[in-house]
Structures are given as structure tokens and as C-alpha cells.
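Single-letter residue listing:
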Amino acid sequence: QTTIQKGPNGEVVRCVHEHRTEVVNGKEVKKCTHTHTHCAKTANRLAVKKYRLKKKNEFESLKNENTLLKTRVSELEYELKNRLEGENIINSLRQDEADELLRLRRVVKQMAELIEPLRKI
């Protein structure tokens, strides 16, 4: 029977377990042997599998973070758009007020021109 195990230092060890019956001095003797061999190929396969799983998890984490950041960017762009529209409204109001002020100045000037000849009378 062959099994793959982890050794005391985390390395992969192939364990071969054998039962044999031998005749010694006319008596049957059962022997059990264990042969441990280090298996670099299996160890490498497990290390690569572990590394790929780690990278896959990191990639998923980065994808989730990217999604959250894209959402946050969209929210900030929306806020900025609203603020700019608000400033445009304020600027247009200011422009309207400036136009109104100029119109009123012209009216006052015209009224002053009309009143001036009447003062002379």
C-alpha cells in the first residue's frame, strides 16, 4: 500500500507499507516494513497548486476592490456634476443680476435726463 503524507517539516513523503510473511527456523514470521521517500515532483505540484490558489484569491480580491473603486468614482463624478451645475446656476443668476443692474442704471440715467429740464422751470 502506497500513501502520500506530509513529513514533519511539511515536505511530501511517499510511504510504502508492506506486509510479508517469512519462514525463519521453521516458523512463520510476519514482517511489516515502511519505506519513506521524499517526492519532489509531488511537492512541487502541491506548491504550484497552493501558489495558484493564492493568486486566484488575490485576483478575486483585487476585482472586488476594483468594483468598489469604480462605484466610488461614479458617486464622486455625480457629486461633482451636481456641484458644477449648482455653480452654473449661481453664475447665471449673478449674470442675470448684473444685467438687471445695468438696465436699472440706464433707466435711472434716462429718468435723470427727463427730470433735469423740469428743474429749470
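Residues numbered from 1 in each chain as written. Predicted model: local features only at pLDDT ≥ 70, side-chain atom pairs only at ≥ 80, totals over all residues. Heavy atoms only, no water.

1. A short note on the overall build of the protein chain
Keep this limit in mind: To qualify as a helix, a DSSP run of H or I must reach at least 4 residues; to qualify as a strand, a run of E must reach at least 2; elements of each kind are numbered from the N terminus. Classification of residues uses two cut-offs on accessible area relative to the type maximum, computed with a 1.4 Å probe and protein chains only: under 20% is buried, over 50% is exposed, and between them is partly exposed. Residue contacts are defined here by distance: any two heavy atoms, one from each residue, within 4.5 Å place the two residues in contact. To measure how exposed things are, a 1.4 Å probe is used in the Shrake-Rupley method; for residues, cover is taken only from the protein chains shown.
Counting its regular elements, the protein chain contains 1 helix and 3 strands. For the protein chain, the α and β elements follow one another from N to C terminus as β-β-β-α. Residues counted as buried form 5% of the 121 residues belonging to the protein chain. Put simply, of all contacts in the protein chain between residues at least 6 apart along the chain, 21% involve residues at least 24 apart. Carbon together with sulfur atoms contributes 56% to the accessible area of the protein chain, which is approximately 11400 Å² in total.

2. Quick notes on the confidence of the model for the protein chain
The test is simple: Values of pLDDT, ranging from 0 to 100, describe the predictor's confidence in every residue of the model.
Of all residues in the protein chain, 83% have pLDDT values of 70 or greater, and the mean over the chain is 81. For the protein chain, strand β1 (residues 2-6) is the element with the lowest average pLDDT, namely 69, and helix α1 (residues 40-119) is the one with the highest, namely 85.

3. A look at the environment of lysine 30
Note on placement: lysine 30 falls in strand β3 (residues 27-38). Overall, lysine 30 belongs to the exposed group, its relative accessible area being 74%. Sequence separation between lysine 30 and histidine 19 is 11 residues; the distance between their C-alpha atoms is 6.9 Å. With near-sequence residues (within four places) excluded, lysine 30 lies in contact with Arg20 and Thr21.

4. Re unusual backbone geometry
Notably, asparagine 25 is not glycine yet its phi reads approximately 55 degrees, a positive angle. Structurally, the position occupied by asparagine 25 is in the loop between β2 (12-24) and β3. Under the relative-accessibility criterion, asparagine 25 is labelled exposed at 77%.

5. Thoughts on a nonpolar patch on the surface
Heads up, the rule is: Residues form patches when they are more than 30% accessible in relative terms and have no salt bridge. Like charges link within 9 Å. Nonpolar side chains (Val, Leu, Ile, Met, Phe, Trp, Tyr) link within 5 Å. We count a salt bridge whenever a side-chain nitrogen from Lys or Arg sits within 4 Å of a carboxyl oxygen from Asp or Glu.
Together, Val107, Met111, Leu114 and Ile115 make up an exposed nonpolar region whose accessible area comes to about 370 Å². Considering the arrangement of structural elements, one finds leucine 114 in helix α1.

6. Remarks on the pattern of salt bridges
Summed over the entire model, instances satisfying the criterion amount to 5 salt bridges. Here lysine 55 makes a salt bridge to glutamate 58, at a shortest N to O gap of 3.3 Å. Highlighted residues: lysine 55 and glutamate 58, both in helix α1, separated by 3 residues, approximately one helical turn. A salt bridge links glutamate 75 to arginine 72; the shortest N-O distance between them is 3.5 Å. With glutamate 75 and arginine 72 both in helix α1 and 3 residues apart, the pair spans about one turn of that helix. Overall, glutamate 75 belongs to the partly exposed group, its relative accessible area being 40%. What makes arginine 72 partly exposed here is its relative accessible area of 42%.

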